[in-house]
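In case you want the letters, here they are:
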Amino acid sequence: LVVEPMRRWRDWQCRAADVIVSPSRAILPAWLPDERVVEIEWGADTERFHPGAEGAVPFERTPGTVTAVFAGAFRAWHGAVHLVDAIRRLRERGVRNISAVLAGDGPEAPRVRRAAEGLDGVVFTGPVAHDAMPALLAAADIGVAPFDVTAHAPLAIAFYWSPLKVFEYMASGLPVVAPSIDGMTRIVQDGREGVLYDPSDPTTLAGALERLVDADLRRRLGSAARARAVGEFSWTLHCARLQDAMTRALARRGQRLVRPS
């Protein structure tokens, strides 16, 4: 009653469209000709998001402490509570030089705040304007994207999201900590742009954060993350690929793209 009408609606849209843009071919009908599909990741404004971005920062840094940041809308599948749990595990092991900043708001925020009660080194900024995010990320050391695909059933088909937060972390020169799931490994390579952990083992997120206490490792991974964001995931490249796809679609119709004067 739910799936079949949605599938018919999807198929109608795909038949009517000249270009279909998606981060995952797996969620599109198999009968679609490849020439109409642009498989592309989301991206970041790499000119605004960079390691030296300046501006007001809604948290205070503690000297000698590594700051891990989560930014998001606090949905269940965003997994923000897992970052809090990881900080708690680190405190239980005597690790006190890693803190967490959680930026944003949403339906899961009350639950995450309750999980952080009595825990030092966890800061909630509340909603942050997007214009203020470049400075916030530049002031952090690690970007965390603790997605929980078990909390959103459609993600069992494929991790079809292309999470904006991850590209902005990378553009800001932050090493990324994320679960090792198929979609995420397209974006972040373990040991190259970040550290990927086993999502089936709740202890491994804490271990990934602890690895990044090493400042040299953070610099190396963060530099590679920034380079990949600029080289593969910038809005400039994203728009160029979309323009090329639309130009080819118009050519199939015998038309041409009219550029603004």
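Basis of the calculations
- Residues numbered from 1 in each chain as written.
- Predicted model: local features only at pLDDT ≥ 70, side-chain atom pairs only at ≥ 80, totals over all residues.
- Heavy atoms only, no water.
- Helix = DSSP H or I, 4+ residues; strand = E, 2+ residues; numbered from the N terminus.
- Rg over C-alpha atoms; globule rule 2.2 N^0.38 Å.
- Buried < 20%, exposed > 50% of the residue type's maximum accessible area, 1.4 Å probe, protein only.
- Contact = heavy atoms within 4.5 Å.
- Areas by Shrake-Rupley, 256 points an atom, 1.4 Å probe, with all protein chains shown as cover.
- Pairing = 2+ DSSP bridges.
- Right-handed = clockwise from strand over helix to strand, strands pointing away.
- Axes fitted to C-alpha atoms, helices over the stretch in contact; angles between N-to-C directions.
- Polar contact = N/O pair within 3.5 Å; in protein donor to acceptor, adjacent residues only side chain to side chain.
- Core = buried A, V, L, I, M, F, W, Y, C linked by side-chain atoms within 4.5 Å.
- Phe/Tyr/Trp six-rings, centres within 6.5 Å; stacked < 30°, edge-to-face > 60°.
- Parallel < 35°, antiparallel > 145°, perpendicular 65-115°, else oblique.
- Nonpolar A, V, L, I, M, F, W, Y, C, P; charged D, E, K, R; others polar.
- Salt bridge = Lys/Arg side-chain N within 4 Å of Asp/Glu carboxyl O.

### Topic: the overall build of the protein
So, point 1. What the protein contains, in helices and strands, is nine helices and eight strands.
So, point 2. For the protein, the C-alpha radius of gyration of 20 Å lies close to 18 Å, the compact-globule estimate for 261 residues.
So, point 3. Within the span of the protein, comprising 261 residues, buried residues form 46% of the whole.
So, point 4. Across the protein, every contact between residues at least 6 apart in sequence was considered, and the portion connecting residues at least 24 apart equals 67%.
So, point 5. Looking at the protein as shown, the accessible area adds up to about 13300 Å², and 53% of this sits on carbon and sulfur atoms.

### Observations regarding the pairing of strand E5 (residues 122-126)
So, point 1. Within E5, four of the five residues are buried, leaving the element largely enclosed by the surrounding structure.
So, point 2. Summarising the sheet, strand E4 (residues 98-104) and E5 pair through four bridges and their orientation is parallel. The residue of E5 that forms the bridge with alanine 103 is glycine 126.
So, point 3. You can see the chain leave E4, run along helix H3 (residues 109-115) and come back into E5, and the turn it takes is right-handed.

### Things to note about the sheet that holds strand E8 (residues 194-197)
So, point 1. Pairing is parallel across the open sheet formed by six strands, whose spatial order is E5-E4-E3-E6-E7-E8. The two strands at the open ends of the sheet, each matched to only one other strand, are E5 and E8. Here the average twist between neighbouring strands, direction ignored, is 25 degrees.
So, point 2. As paired strands, strand E7 (residues 176-179) and E8 are joined by four bridges and run parallel to one another. Paired with valine 177 across the two strands is valine 195, which belongs to E8.
So, point 3. Sheet contacts for helix H2 (residues 80-92): strand E3 (66-72), E4, E5 and strand E6 (142-144); angle to E4, the most-contacted strand, approximately 165 degrees.

### Description of the side chain of arginine 91
So, point 1. Take arginine 91: it is sitting in helix H2.
So, point 2. Relative accessible area serves as the criterion here: at 10%, arginine 91 is assigned to the buried category.
So, point 3. Within the local environment of arginine 91, its side chain forms a polar contact with the backbone oxygen of aspartate 120, the two atoms lying 3.3 Å apart.
So, point 4. Filtering out sequence-adjacent residues up to four positions away, arginine 91 remains in contact with Arg96, Ile98, Ser99, Leu119, Asp120 and Gly121.

### Some thoughts on the nonpolar core
For soluble globular proteins, nonpolar side chains are generally found buried alongside one another.
So, point 1. Among the nonpolar cores identified, the biggest contains 33 residues, and Ile87, Leu102, Val177 and Leu209 are the most heavily contacted of them.
So, point 2. When residues in this core are grouped by element, the largest group, seven residues, is from H2.
So, point 3. Dropping the residues within four chain positions of it, valine 177 is found in contact with Ile142, Gly143, Val144, Ala145, Val195, Tyr197, Leu205, Ala208, Leu209 and Leu212.
So, point 4. By size, the runner-up hydrophobic cluster in this structure holds 30 residues, among which are Val101, Ala145, Ala171 and Met184.

### Section: the pairing of E8
So, point 1. In E8, alternate side chains face the same way, and those of Gly194 and Leu196 on one face and Val195 and Tyr197 on the other are all buried.
So, point 2. Each parallel crossover has a hand, and for E7 linked through helix H6 (residues 182-187) to E8 it is right-handed.

### What to know about the packing of aromatic side chains
So, point 1. With the rule as written, the count across this model stands at four aromatic pairs.
So, point 2. With centroids separated by 5.3 Å and ring planes inclined at 5 degrees, the aromatic side chains of tryptophan 9 and tryptophan 12 adopt a geometry described as stacked. One end of the pair, tryptophan 9, and the other, tryptophan 12, are both in helix H1 (residues 3-16), three residues apart, so they sit about a helical turn from each other.
So, point 3. For tryptophan 12, a relative accessible area of 52% translates into the label exposed.

### A few points about the packing of H2 against helix H7 (residues 204-211)
So, point 1. The geometry of H2 relative to H7 is characterised by a closest axis approach of 8 Å and an angle of 70 degrees between their N-to-C directions. Looking at the two axes, H2 sits roughly perpendicular to H7. Only Leu205, Ala206, Leu209 and Glu210 of H7 make contact with H2, whose side of the interface consists of His82, Leu83, Ala86, Ile87, Arg89 and Leu90.
So, point 2. Grouping the constituent residues of the contact of H2 with H7 by class yields seven nonpolar, one polar and two charged.

### Points about the pattern of salt bridges
So, point 1. With the rule as written, the count across this model stands at 16 salt bridges.
So, point 2. Taking the shortest distance from any N to any O, the salt bridge between aspartate 120 and arginine 91 comes out at 3.3 Å. In this pair, aspartate 120 sits in the loop between H3 and E5 while arginine 91 sits in helix H2, placing the two residues 29 residues apart along the sequence.
So, point 3. Residue aspartate 120 is classed as partly exposed on the basis of its relative accessible area of 37%.
So, point 4. Note that arginine 228 and glutamate 193 form a salt bridge whose closest N and O atoms lie 3.7 Å from each other. Placement of arginine 228 in helix H8 (residues 215-232) and of glutamate 193 in the loop between H6 and E8 is noted, with a sequence separation of 35 residues between them.
So, point 5. For arginine 228, a relative accessible area of 11% gives the class buried.
So, point 6. Given the relative accessible area of 0%, glutamate 193 is considered buried.
So, point 7. Each of Arg192, Glu193, Arg228 and Glu232 takes part in salt bridges that share partners, so that together they form one network.

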